[in-house]
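Each chain, written out:
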Amino acid sequence: MKKYFRESLITLVSGLFLIIGSCTPLSCFEETESFVKISFYNYKTKLNAAPDSITLYGLGNENLFIYKKAPKVQPALFALNPSADSCTYILKINDKTDTINFKFTSFPHLVSKECGYTFYYTLTQDPSFTRNIIDSISKTTYNITTLNGENLRIYY
């Protein structure tokens, strides 16, 4: 009986050490959000030029500001909805308002075991926009990921 108890205790303690030793800390140090990263440029000089202020919110979400009179934002981060295939933003640059519409596809991407999944996007066409202050929008890449690269350029 004592021998059985001692063997069971040794097995239990050994198993406990294996379980504790095999665990990894659940910390995620990687970027897990994918945003359309848009830089601002002066359309005359073609040089990088952050606006004096921008206000940004989604169409239909006028009370949920992403930026509200934010000074010198460069680049601006536009979130996309993985359950939709398009979204429209209201962008106010130096008190002049334009709308920008994105059409895209989304797909899940495994970031890591600790961080889980995120959504990556591909813009399926050039963004459509009004021309109150925006002169043009050019693409750098249509693949929207967690990397810190520029996706689009707004010339205003």
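Draft legend 1. Representation of the sheet that holds strand 4 (residues 76-79) within the structure. Taken together, the four strands give an open sheet; going across it, the order is 4-1-11-9, and neighbouring strands pair in mixed fashion. This sheet does not close on itself; its edge strands, each paired only once, are strand 4 and strand 9 (136-139). Direction aside, the axes of adjacent strands within the sheet are offset by 30° on average.

Draft legend 2. Molecular detail of unusual backbone geometry. In this structure, the amide linkage connecting Q74 to the following residue, P75, adopts the cis form with an omega of -5°. Mapped onto the elements, P75 comes out in the loop between strand 3 (65-70) and strand 4. Positive phi is not limited to glycine here, since K46 has a value of about 65°. Following the sequence through the fold, K46 ends up in the loop between strand 1 (35-41) and strand 2 (54-58). If you check the backbone angles, N94 has positive phi at about 50° while not being a glycine. Inspection of the secondary structure puts N94 in the loop between strand 5 (86-93) and strand 6 (96-112). Since its relative accessible area comes to 27%, N94 is described here as partly exposed.

Draft legend 3. Seen up close, the side chain of E150. Checked against the element boundaries, E150 lands in the loop between strand 10 (143-144) and strand 11 (152-155). Only 3.2 Å separates the side chain of E150 from the side chain of Y41, close enough to count as a polar contact. At 3.0 Å, the side chain of E150 and the side chain of T140 are in polar contact.

Draft legend 4. A look at the nonpolar core. Judged by nonpolar contacts, the single largest core of 29 residues is most densely connected at F78, L91, I93, I100, F102, I134 and I154. Sorting the residues of this core by element identifies strand 1, strand 2, strand 3, strand 4, strand 5, strand 6, strand 7 (116-123) and strand 11 as the ones contributing at least two each. A total of four residues in this core trace back to one element, the largest contributor, which is strand 5.

Draft legend 5. Representation of the confidence of the model for the chain within the structure. With 83% of its residues at a pLDDT of 70 or more, the chain shows a mean pLDDT of 88. Taken as a whole, residues 18-22 scores under 50 in pLDDT and shows zero contacts with residues more than four places along the chain or in a different chain.

Draft legend 6. Just the state of the cysteines, in detail. Counted according to the given criterion, the structure contains one disulfide. Sulfur-sulfur distance for the disulfide between C28 and C115 comes to 1.7 Å. With the S-S dihedral at roughly 105°, the linkage between C28 and C115 falls on the right-handed side. Here the residue C28 occupies a position in the loop between helix 1 (2-22) and strand 1, and C115 occupies one in the loop between strand 6 and strand 7, the gap between them amounting to 87 residues. Judged by its relative accessible area of 34%, C28 falls in the partly exposed class. We classify C115 as buried; its relative accessible area is 16%.

Rules behind the numbers
Residue positions are given per chain, counted from 1 along the sequence in the order it is written. Local features in this predicted model are restricted to residues whose pLDDT is 70 or higher, and side-chain atom pairs enter the listing and the counts only when it is 80 or higher, whereas totals over whole chains, interfaces and linings include all residues. Side-chain metrics in this entry use all non-hydrogen atoms of the structure; hydrogen atoms and water are not considered. Paired strands, in this sense, are two strands between which DSSP finds at least two bridges. In this text, helices come from DSSP runs of H or I with a minimum length of four residues, and strands from runs of E with a minimum of two, each type numbered from the N-terminal end. Orientation is described by lines fitted to C-alpha atoms, with helices fitted over the stretch in contact, and by angles between N-to-C directions that extend from 0 to 180 degrees. Categorising residues by exposure relies on relative accessible area from a 1.4 Å probe, with only protein chains included: less than 20% of the type maximum marks a residue as buried, more than 50% marks it as exposed, and the intermediate range marks it as partly exposed. Any pair of N or O atoms that falls within 3.5 Å is considered a polar contact. Within protein, one atom must be able to donate a hydrogen and the other to accept it, and sequence-neighbouring residues count only if both atoms are side-chain atoms. The criterion is simple. A nonpolar core is a set of buried Ala, Val, Leu, Ile, Met, Phe, Trp, Tyr and Cys residues joined through side-chain atoms within 4.5 Å. For every residue, the predictor reports its confidence as pLDDT, a number between 0 and 100. Whether two residues are in contact is decided by their heavy atoms, any of which lying within 4.5 Å being enough. Criterion for a disulfide: a pair of cysteine sulfur atoms within 2.5 Å.

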